[in-house]
Amino acid sequence: MASVSLHRLTKKFTGMAAVEDLQLEIGDGDFVSLLGPSGCGKTTTLRLIAGFPQPDAGEIRVGHEVVSSVSLMVPPERRAMSMIFQSYAVWPHMTVAQNVAYGLKFKKLSRQESDQKVTKLLQLVRLDALKDRYPAELSGGQQQRVALARALVVEPQILLMDEPLSNLDANLREEMRFEIRRLHEEFAITTVYVTHDQAEAMATSDRIAVLNKGRMIQVGRPAEIFDHPKTRFVAEFVGKANILAGHLDAGSSLALADGLKIQVSGDADAPTHGEAAVCLRPHNVVLTHQESEAQGLKDKGFNLFPGVVRRHIYFGDTIDYSVELSFQRMLRVIAPPSQRYDNGQQVYAAAHPDHCVLVKEA
Amino acid sequence: MPTAETIATAQVERRPWLKGWDPSLPVLIGTAFFLIVLMLLPLGAIFTASFWDQAGLTFSKYIEVFSNRAFLTAIWNTVIISSWVGLISVVIGGLLAWLITRTDLPWKKSIRALVMASFVTPPFLGAFAWTLLAGPNAGLLNQLYRALTGAESALFNIFTMQGLIFVMAIYSFPYVFSMIANVCELMSSDLEDAAGILGANKLQTAWTITLPLALPALVSGFIVAFLQSLSLFGAPAILGLPAGIHTITTQIWTFFQYPPRLDLAAAFSVPLLLATMLLIAAQKKILGRKGYSTVGGKGGQRRLVRLGRARIPVFLLVLFVLSLSVFLPYWILLKAALSKAWAVPLDWANFTLDNFRFAFFQYSDTQLAIFNTFKLGIITASVGTLIATLIAYITQRNLLRGARFLTFFALAPLVIPGIVLAVGLFIVYTQPPVVLYGTIWILFVAYLTKEMPIGFSQAQSTFKSIHPELEDASRIIGANRLVSLKDVTAPLARSGLIAAWCFIFIGVIRELSASILLFTAKSKVVSVVIFDLKEEGQIGVICVLGIALLLVTFAVILAAQWVVGREVFATRE
């Protein structure tokens, strides 16, 4: 019963709402990321779950039991949770083994049992050779694994992670993403993971909750979030996005600035008429300079945008084009390296209506 | 049959009571309350005594004080003296700081140690040593001058306004030194290089970049030195009074001579208090200006300026300055302590250990004073560290509502000159319900109040350096607040708190300006005895006590450095 539910959670700091009316259900064994820019309230949410601050409104339940509300607080040490901190918070005055063993002090285990568990965890994170070192003698990545072992050894029902990889260098960060996902698949601990890095959230999570300005914007599986962003904020924060604004007729046809009409798609709760915008991912745009091919795409129902290549950057595995459309709007296109166009060349950009996803402004 | 839901609800109803009881809470609230009372009582007493008498509200005390020419002269003297002290301190302290941080001056570590030595030398002791060095008749430097030139007159007379300013300045400049040194260390050479690459020559760079960046520190250094000399009692009493020069502090002291005029002392204290507050506020404002925040940034690269041929002459000059505050005074103290007659050369005929025997074994006043000083030092340092630690922990971790105001109360004594504090405490504790006057406990309260800011700042910076997540990390895996304090916070804070203890201890054993109003025959302390013995002309015994005071001070500093394993008393290398 280690599901977590946040019900209308609000936390204010000096009058400013850091978290406002937050609603989130996290199932048993789920891995959920809280994703958002800095200051969006994701760390506050995590610390609320841990029981450090008391909410100003709403409540947090673990299973059926209320653990945080305006009138009661179960202290952090009685929540059967573990947390990995952004600073790692590895205690500098204890050795690696002492750090990992610390939480077992409160479990009433025999010395032998405790030693066994510590050894097992140290092997798991590949630190058994370094168990008598002090944290100052470890690299950042090793300290991070100490923090991980320390959090896992107490066999928590819920694991909280606060940007655990943000202090690592890029290569190690990528490696640790997979490591964290692998550990999750092994232990299936309910996990809440805070990050501002969308790739990290994608790689690790079952579901992603996007936060902005203390409010929950969208919750869903990584693919849902990426392919069907509900708002312009989600579209732009998760991945690269072209946002095209226009006037929506009934019948999912969007009139752009110069009168160009494109077919769009949207969820059930998407706007149906009036001012609206669509998100078009750069890699969902096809480029061609041949009339015939363009015509063929049009026949298949693609939206066609005539334009001129203004700039291109060669990345090796892709080429990033900026195409100026007839209404002086730049469209970003990510194309495979086999498609070469020069600056100034006339092209058609084509996008399927399924990829032109209606988004709300806020 | 109860379902999971009903069990959960039952627990929910039982828990709030359980949760509401946090055993650390009464301790925290009690400490906060104690601090506030400690600070408010003396200040309240001063204001009350200066505005009220039997007849009720009155301004007569202020009128009496501020219409008297002699009293106004004392205020004017203080302003003149403090301004000069501030100015000289900025010049000496600023230059020394620049030389040590930004040039290839040799022996920097030793010079720093000497600056630190002048920092911890009680100014009243320095002033006393200088009466032996530059007294107009017997002063050794004047003897030397006469012997060398055959002149009849004296070269120096330390019992003058200039002499007083000189002595106060050589013991005030270390305050400026440490402030400027900090700024110089944070200022990266890149800032100057940036000007250089745009075409500025060295002088232009110094004028347009380096000086403006250092200016806030220079101004606030001036203010700190000014305040320091404003509140000093010992040096002006030793050097100024024989020449009939009164300052505010010595004037307050005379209000306590028979017949005591507490009301006038209080009325005279209020402007001093207000001036101090204003200056501190000004200093905060100058340092807090946003434009200078770059100085506080990352260190960056620092290149040392080569002094070239001037290296050795400059070094000798620095040594000369420090000999004024350290070598010469220490030497004369040692010489006089070992002499039968201090003014004649020290040879076997003149050598004696009698002064030591007398000070430590015969004279009951000094024995009692030494005992009292140590007792007060240890008790105040222990209680002070404990309270400062709790208050710093509350403010740093925001444990109580309105914790920020506690910072204000803990730092309040910074704006209360020692003698003003003593006036307030005297008024409070000579009358029921709590009569402490006549015991050492009134000194304890005075020291505890006076040393609170230093203990608090040290404890606060200690907790600041301990990331709160280190405590959170133990809470979340099963430790309650107290266990977490014991296992994580305490071991990490240990060395910082030992340093706080040492700071307070040193502050207590050298305290004079509050003690001078609060001691009685049974509650004398070393500094007061030194002051008393001067009246009796017991030069040798004073020197013995002074040396003992200095030795204990240095021993405590060394012990603290050893325990902490780093130079707690020096600024960063």
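The structure displayed is predicted, hence computed values, not measured ones.

What counts, and at which threshold
- Residues numbered from 1 in each chain as written.
- Chains lettered and ligands numbered in written order.
- Predicted model: local features only at pLDDT ≥ 70, side-chain atom pairs only at ≥ 80, totals over all residues.
- Heavy atoms only, no water.
- Helix = DSSP H or I, 4+ residues; strand = E, 2+ residues; numbered from the N terminus.
- Rg over C-alpha atoms; globule rule 2.2 N^0.38 Å.
- Buried < 20%, exposed > 50% of the residue type's maximum accessible area, 1.4 Å probe, protein only.
- Contact = heavy atoms within 4.5 Å.
- Areas by Shrake-Rupley, 256 points an atom, 1.4 Å probe, with all protein chains shown as cover.
- Buried area = accessible area lost by both parts, 1.4 Å probe.
- Salt bridge = Lys/Arg side-chain N within 4 Å of Asp/Glu carboxyl O.
- Polar contact = N/O pair within 3.5 Å; in protein donor to acceptor, adjacent residues only side chain to side chain.
- Nonpolar A, V, L, I, M, F, W, Y, C, P; charged D, E, K, R; others polar.
- Pairing = 2+ DSSP bridges.
- Expected span 1.5 Å × (residues − 1).
- Axes fitted to C-alpha atoms, helices over the stretch in contact; angles between N-to-C directions.
- Parallel < 35°, antiparallel > 145°, perpendicular 65-115°, else oblique.
- Left-handed = near helix turned anticlockwise from the far one by under 90°.
- Patch = residues over 30% accessible without salt bridge, like charges linked within 9 Å, V, L, I, M, F, W, Y side chains within 5 Å.
- Phe/Tyr/Trp six-rings, centres within 6.5 Å; stacked < 30°, edge-to-face > 60°.
- Lys NZ or Arg CZ within 6 Å of the ring centre and 35° of its normal.
- Core = buried A, V, L, I, M, F, W, Y, C linked by side-chain atoms within 4.5 Å.

## Considerations on the overall build of chain B
So, point 1. Looking only at helices and strands, one finds 24 helices and two strands in chain B.
So, point 2. Since a compact globule built from 573 residues should have a radius of gyration of about 25 Å, the 27 Å found for chain B is in line with a globular shape.
So, point 3. Dimensions along the principal axes, computed over C-alpha positions, put chain B at roughly 115 × 70 × 50 Å.
So, point 4. Relative to its 573 residues, chain B shows a buried fraction of 52%.
So, point 5. Sequence separation of at least 24 residues holds for 76% of the intrachain contacts in chain B that already meet a minimum separation of 6.
So, point 6. Accessible surface for chain B amounts to roughly 26,500 Å². Of this, 68% is attributable to carbon and sulfur atoms.

## Let's talk about the interface of chain A and chain B
So, point 1. Tallying the contact residues gives 33 residues for chain A and 27 residues for chain B.
So, point 2. Carbon and sulfur atoms make up 64% of the area that chain A and chain B hide from each other, which totals about 2,500 Å².
So, point 3. Joining chain A to chain B, the criterion identifies three salt bridges.
So, point 4. Ionic pairing is found between Lys-105 of chain A and Asp-487 of chain B, a salt bridge with its closest N-O pair at 2.6 Å.
So, point 5. Across the contact surface, chain A and chain B share seven residue pairs in polar contact (both at pLDDT 80 or more).
So, point 6. When residues of the side of chain A that touches chain B are traced back to their parent elements, those giving at least two are α1 (42-50), β5 (65-68) and β6 (81-84) of chain A.
So, point 7. Counting residues per element, the side of chain A that touches chain B draws most heavily on β6 of chain A, at three residues.
So, point 8. In terms of residue class, the side of chain A that touches chain B is made up of 19 nonpolar, seven polar and seven charged.

## Considerations on the pairing of strand β11 (residues 242-249) of chain A
Residues and elements named next belong to chain A.
So, point 1. In this sheet, strand β14 (residues 274-280) lies alongside β11 in antiparallel orientation, the contact comprising seven bridges. Across the sheet, His-247 pairs through a bridge with Glu-275, a residue of β14.
So, point 2. Examined bridge by bridge, β11 and strand β12 (residues 253-255) share three bridges and lie antiparallel to one another. By the bridge assignment for β12, His-247 is matched with Ala-255.
So, point 3. Here β11 hands over to β12 after three residues, with Gly-251 in that stretch at a positive phi of 95 degrees.

## Focus on helix α4 (residues 140-153) of chain A
So, point 1. Its 14 residues place the ends of α4 of chain A 20 Å apart at the C-alpha level, agreeing with the 20 Å of an ideal helix rising 1.5 Å per residue.
So, point 2. Along α4 of chain A, 11 of the 14 residues are buried, which leaves the element largely enclosed by surrounding structure.
So, point 3. Buried residues of α4 of chain A: Gly-141, Gln-144, Arg-145, Val-146, Ala-147, Leu-148, Ala-149, Arg-150, Ala-151, Leu-152 and Val-153 of chain A, and no others.
So, point 4. Those residues of α4 of chain A that are buried lie in contact with β6, α2 (96-101), α3 (111-124), β7 (158-162) and α5 (170-187) of chain A together with α20 (468-476) of chain B.
So, point 5. Glu-155 of chain A sits one or two positions beyond α4 of chain A and adopts a positive phi of about 50 degrees.

## Re the packing of helix α18 (residues 418-429) of chain B against helix α19 (residues 441-464) of chain B
Packed helices, taken two at a time, are described by the angle between their axes plus the distance between the axes.
Residue and element names in this part refer to chain B.
So, point 1. Taken N-terminus to C-terminus, the directions of α18 and α19 make an angle of 140 degrees; their axes are 10 Å apart at the nearest point. Regarding the angle of α18 to α19, the classification is oblique. Our pair here, α18 against α19, has a crossing hand that is right-handed. Contact residues: Gly-418, Leu-421, Leu-425, Phe-426 and Tyr-429 in α18; Ile-442, Val-445, Ala-446, Thr-449 and Lys-450 in α19.
So, point 2. For the contact of α18 with α19, the per-class residue count stands at seven nonpolar, two polar and one charged.

## Notes on the sheet that holds strand β19 (residues 346-351) of chain A
All names here are of chain A.
So, point 1. The strand order across the open sheet formed by five strands is β15-β19-β16-β17-β18, and the pairing between neighbours is antiparallel. Sheet topology places β15 (286-288) and β18 (330-335) at the edges, where each strand pairs with a single neighbour. Recorded for the sheet is a direction-independent mean angle of 45 degrees between the axes of neighbouring strands.
So, point 2. As paired elements, strand β17 (residues 319-325) and β18 share six bridges and run antiparallel to each other.

## Structural notes on a nonpolar patch on the surface
So, point 1. A cluster of nonpolar side chains, contributed by Trp-52, Leu-57, Phe-59 and Ile-63 of chain B, occupies part of the molecular surface with about 480 Å² of accessible area.
So, point 2. Along the chain, Trp-52 of chain B falls in strand β1 (residues 52-53).

## So, α20 of chain B
Along an α-helix, residues three or four apart share an orientation, since each turn contains 3.6 residues.
So, point 1. Along α20 of chain B, eight of the nine residues are buried, which leaves the element largely enclosed by surrounding structure.
So, point 2. Along α20 of chain B, the residues that are buried comprise Glu-469, Leu-470, Glu-471, Asp-472, Ala-473, Ser-474, Arg-475 and Ile-476 of chain B.
So, point 3. In this fold, the buried residues of α20 of chain B make contact with α1, β6, α4 and β7 of chain A together with α16 (364-397) and α21 (481-509) of chain B.
So, point 4. Remark: Gly-478 of chain B follows α20 of chain B within two positions and exhibits a positive phi of approximately 120 degrees.

## Some points on the packing of aromatic side chains
So, point 1. All told, the structure shown has 26 aromatic pairs over all chains when counted by the stated rule.
So, point 2. Ring centres of Phe-233 of chain B and Phe-531 of chain B lie 5.5 Å apart, and the angle between their planes is 45 degrees; this geometry places the pair in the tilted category. Here Phe-233 of chain B is found in the loop between α10 (202-231) and α11 (234-240), whereas its partner Phe-531 of chain B is found in helix α23 (residues 526-536), with 298 residues between them in sequence. Each member of the pair, Phe-233 of chain B together with Phe-531 of chain B, is buried.
So, point 3. Among the aromatic side chains, those forming a connected cluster through ring pairs are Phe-51, Tyr-62, Phe-66, Phe-71, Phe-255 and Phe-268 of chain B.
So, point 4. Note that Arg-150 of chain A overlies the ring of Trp-91 of chain A, its terminal NZ or CZ placed 4.2 Å from the centroid.

## A short note on the packing of helix α5 (residues 108-120) of chain B against helix α8 (residues 161-186) of chain B
All names here are of chain B.
So, point 1. For the pair α5 and α8, the least separation of the axes is 8 Å and the interaxial angle reads 135 degrees. As judged from the angle between their axes, α5 and α8 are oblique. The handedness of the crossing between α5 and α8 comes out as left-handed. From α5, Arg-112, Val-115, Ser-118 and Phe-119 reach across to α8, where they touch Ile-170, Tyr-171, Phe-173, Pro-174, Tyr-175, Phe-177 and Glu-185.
So, point 2. Here the contact of α5 with α8 is built from residues that sort into eight nonpolar, one polar and two charged.

## Here's the deal with the nonpolar core
Nonpolar side chains in soluble globular proteins generally cluster together in the buried interior.
So, point 1. Grouped together as the largest cluster of nonpolar side chains are 210 residues, with contacts concentrated most on Leu-160 of chain A together with Trp-130, Ile-252, Val-423, Ile-516 and Leu-517 of chain B.
So, point 2. No other element matches the 12 residues that helix α24 (residues 539-564) of chain B contributes to this core.
So, point 3. Contacts of Trp-130 of chain B, omitting those with residues within four sequence positions, involve Gly-135, Leu-141, Ile-158, Phe-166, Val-167, Ile-170, Leu-324, Leu-328 and Pro-329 of chain B.
So, point 4. Val-176, Ile-180, Val-318 and Leu-322 of chain B belong to the second largest nonpolar core, which has 31 residues in total.

## Some thoughts on the sheet that holds strand β3 (residues 31-35) of chain A
Residues and elements named next belong to chain A.
So, point 1. With respect to topology, six strands assemble into an open sheet ordered β6-β7-β8-β3-β9-β10, the strand pairing being mixed. Across the chains shown, the open sheet's two edge strands, defined by having one partner strand only, are β6 and β10 (215-220). Going across the sheet, the axis of each strand differs from the next one's by a mean of 15 degrees, ignoring polarity.
So, point 2. Strand direction decides the pairing type here: β3 and strand β8 (residues 190-195), joined by five bridges, are parallel. Counterpart to Leu-35 in the pairing with β8 is Thr-195.

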